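The chain contents come next:
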Amino acid sequence: MSVEIIVMYLVVGLIAGVLAGLLGVGGGVVIVPMLVFCFTKQSIQPDQIMHIALGTSLASIIFTSISSFMAHHKRGAVEWVIVKRIVPGILIGTFAGTFVASRLPTAFLKGFFCLFLFVVATQMLFNKKPSASRDLPGTGGMFGMGSLIGVVSALVGIGGGSLSVPFMIWCNVAAHRAIGTSAAIGFPIAIAGAAGYIVNNLGGTDLPPYSLGFVYLPALVGIVCASMLTAPIGVKLAHALPVDKLKRIFALFLYAVAAKMAWSLIF
C-alpha cells in the first residue's frame, strides 16, 4: 500500500473530525462522498465503491460516536429511557437495511445518497426544525420509528442524527437533549450497520486487499485516528467562529457534492 493512499485517508479523517466538531454534522455525510472519491482514485471495482464507502463509514462511527455520547452524558443531555425504547427497532432496522443495500446496485445507492444530501443541505441552509406538537409514541411506534431510522441510516452510511434529532424535537424533547440522545443512538446504529456490511460480503470476491466484507480497514484506521484528533479542534473553533454562517456555506458545499454525484450517474 502506497504512502499516498495512507495520507489520503488520514486527510479524510482530519477533515471529517473538524467539520463534525465545528458544525455538528454527522460523520457519514462527510465521509461517504470523500470515500467514494478516494476509492475511485484507487481503482476499486466501480460496482462495489458505494457499498464499501457505506460500510466503512458506519464502522468509523462506532469509534467516533463513543466520545460524542460520553461527552453529552457527562452534561446530563442523554435521555437513556428514549435510547432504551428505540434501540430494538434501530438494531433490527439497521441490520436489515444492510441486507437490502448489499443487494442494490451502486447507481441506486448513489442516487439515494444524493437525494439525502439535498434534504440535509436544505435543512441546514434554512435551519429547518419541526414544531414540537406531540409526545413520544408508545412501544410499537418507537420500534417502527427506530426501524425506519435504522434502514435509512444503513442506506446512506450515517449515525442517524439527521433523522432522530428532528423526530425527538417533534415529540417535545428539548433540542439539546435530542442532540445528546441522538449521539447515543448513533452507537448501536454503527454497530449493527458495520456488522451487517461485514456479514453480507464476508469472503467476497474482487474486494480490495485488507477488506473485511464491505469495510475497508486501511480507510477505517486512517479516518478514526485522524478524526478523533481533530474533532476537539472543531469544537473549540465552534466557540470562536460564526457557526450559523458556516453551516449555510457548508450546505452549499453539500449541494455541490450531491450535484456532482448525480452528474456522474447521468453522464
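Conventions we followed
- Residues numbered from 1 in each chain as written.
- Predicted model: local features only at pLDDT ≥ 70, side-chain atom pairs only at ≥ 80, totals over all residues.
- Heavy atoms only, no water.
- Helix = DSSP H or I, 4+ residues; strand = E, 2+ residues; numbered from the N terminus.
- Rg over C-alpha atoms; globule rule 2.2 N^0.38 Å.
- Buried < 20%, exposed > 50% of the residue type's maximum accessible area, 1.4 Å probe, protein only.
- Contact = heavy atoms within 4.5 Å.
- Phe/Tyr/Trp six-rings, centres within 6.5 Å; stacked < 30°, edge-to-face > 60°.
- Lys NZ or Arg CZ within 6 Å of the ring centre and 35° of its normal.
- pLDDT = per-residue confidence, 0-100.
- Core = buried A, V, L, I, M, F, W, Y, C linked by side-chain atoms within 4.5 Å.
- Expected span 1.5 Å × (residues − 1).
- Bend = angle between axes of the 7 residues up to and from the residue.
- Axes fitted to C-alpha atoms, helices over the stretch in contact; angles between N-to-C directions.
- Parallel < 35°, antiparallel > 145°, perpendicular 65-115°, else oblique.
- Nonpolar A, V, L, I, M, F, W, Y, C, P; charged D, E, K, R; others polar.
- Patch = residues over 30% accessible without salt bridge, like charges linked within 9 Å, V, L, I, M, F, W, Y side chains within 5 Å.
- Areas by Shrake-Rupley, 256 points an atom, 1.4 Å probe, with all protein chains shown as cover.
- Salt bridge = Lys/Arg side-chain N within 4 Å of Asp/Glu carboxyl O.

**Q** Mind showing me how you'd approach the overall build of the protein here?
**A** Counting its regular elements, the protein contains 10 helices and 2 strands. A compact globule built from 267 residues would reach a C-alpha radius of gyration of about 18 Å, and the protein, at 17 Å, matches this within 12%. Viewed in the frame of its principal axes, the protein has a C-alpha envelope of about 50 × 40 × 35 Å. The burial tally for the protein puts 48% of its 267 residues in the buried class. For the protein, the share of sequence-separated contacts (at least 6 apart) that also reach a separation of at least 24 residues comes to 82%.

**Q** Could you clarify how one ought to interpret the packing of aromatic side chains in this entry?
**A** To describe a pair of aromatic rings, one takes the distance between the centres and the angle between the planes. Enumeration according to the criterion identifies 10 aromatic pairs in this entry. Aromatic pair phenylalanine 118 and tyrosine 255: ring centres 5.8 Å apart, planes at 40 degrees, arrangement tilted. With phenylalanine 118 in helix H5 (residues 106-125) and tyrosine 255 in helix H10 (residues 243-266), this pair connects stretches of sequence that are 137 residues apart. Residue phenylalanine 118 is classed as partly exposed on the basis of its relative accessible area, which comes to 33%. Three or more aromatic residues joined by ring pairs form one cluster here, namely Tyr9, Phe39 and Tyr216. Taking the ring centre of tryptophan 170 as reference, the NZ or CZ of arginine 134 above it sits at 5.2 Å.

**Q** Any chance you could explain the confidence of the model for the protein here in plain terms?
**A** A low pLDDT score tells you not to read the predicted coordinates there in detail. Predicted confidence across the protein gives a mean pLDDT of 89, with 98% of residues reaching 70 or more. For the protein, per-element mean pLDDT is lowest for helix H1 (residues 3-23), which scores 84, and highest for helix H4 (residues 80-102), which scores 97.

**Q** How should the nonpolar core be read in this particular structure?
**A** Soluble globular proteins tend to pack their nonpolar side chains together in the buried interior. With 68 residues, the main nonpolar core has Tyr9, Leu35, Phe39, Met50 and Leu254 as its most contacted residues. Each residue touching phenylalanine 39, except ones within four places of it in the same chain, is listed here: Tyr9, Ile44, Ile49, Ile52, Ala53, Thr56, Tyr216 and Ala219.

**Q** What is the right way to look at helix H7 (residues 161-170) in this model?
**A** The periodicity of an α-helix, 3.6 residues per turn, causes residues three or four positions apart to be oriented the same way. Burial in H7 covers these residues: Ser164, Val165, Pro166, Phe167, Met168 and Ile169. Here the buried face of H7 lies against H4, H5, helix H6 (139-156) and helix H8 (175-199). Residue asparagine 172 follows H7 closely and has a positive phi angle near 70 degrees.

**Q** Even after reading the chapter, I still don't get helix H3 (residues 49-74), so can you show me in this structure?
**A** When the terminal C-alpha atoms of H3 are compared, their 38 Å separation across 26 residues agrees well with the 38 Å that a helix rising 1.5 Å per residue should span. The largest bend in H3 is about 35 degrees, located at threonine 64. Of the residues flanking the end of H3, it is glycine 76, one or two places downstream, whose phi is positive at about 70 degrees.

**Q** Whenever I open this one, the packing of H1 against H10 confuses me. Can you help?
**A** When two helices pack together, their arrangement is captured by the angle between the axes and the distance separating the axes. Packing of H1 against H10 leaves a shortest axis separation of 10 Å and a crossing angle of 130 degrees. Here H1 lies oblique to H10, going by the angle between them. Of H10, the residues touching H1 (which contributes Leu19, Leu22 and Leu23) are Val243, Leu246, Lys247 and Phe250. Broken down by class, the residue content of the contact of H1 with H10 amounts to 6 nonpolar, no polar and 1 charged.

**Q** Would you mind going over a nonpolar patch on the surface with me for this structure?
**A** The grouping of Val3, Val7, Val11, Leu14 and Ile15 at the surface amounts to a nonpolar patch, some 390 Å² of accessible area in total. Along the chain, the position of valine 11 falls in helix H1.

**Q** Could you clarify how one ought to interpret unusual backbone geometry in this entry?
**A** Here the phi dihedral of serine 43 falls at roughly 65 degrees; this positive angle occurs in a residue that is not glycine. Along the chain, serine 43 turns up in the loop between helix H2 (27-41) and H3. Not every positive phi belongs to a glycine, and tyrosine 210 is a case in point at roughly 65 degrees. Tracing the backbone through its elements, the reader meets tyrosine 210 in the loop between H8 and strand E1 (211-212).

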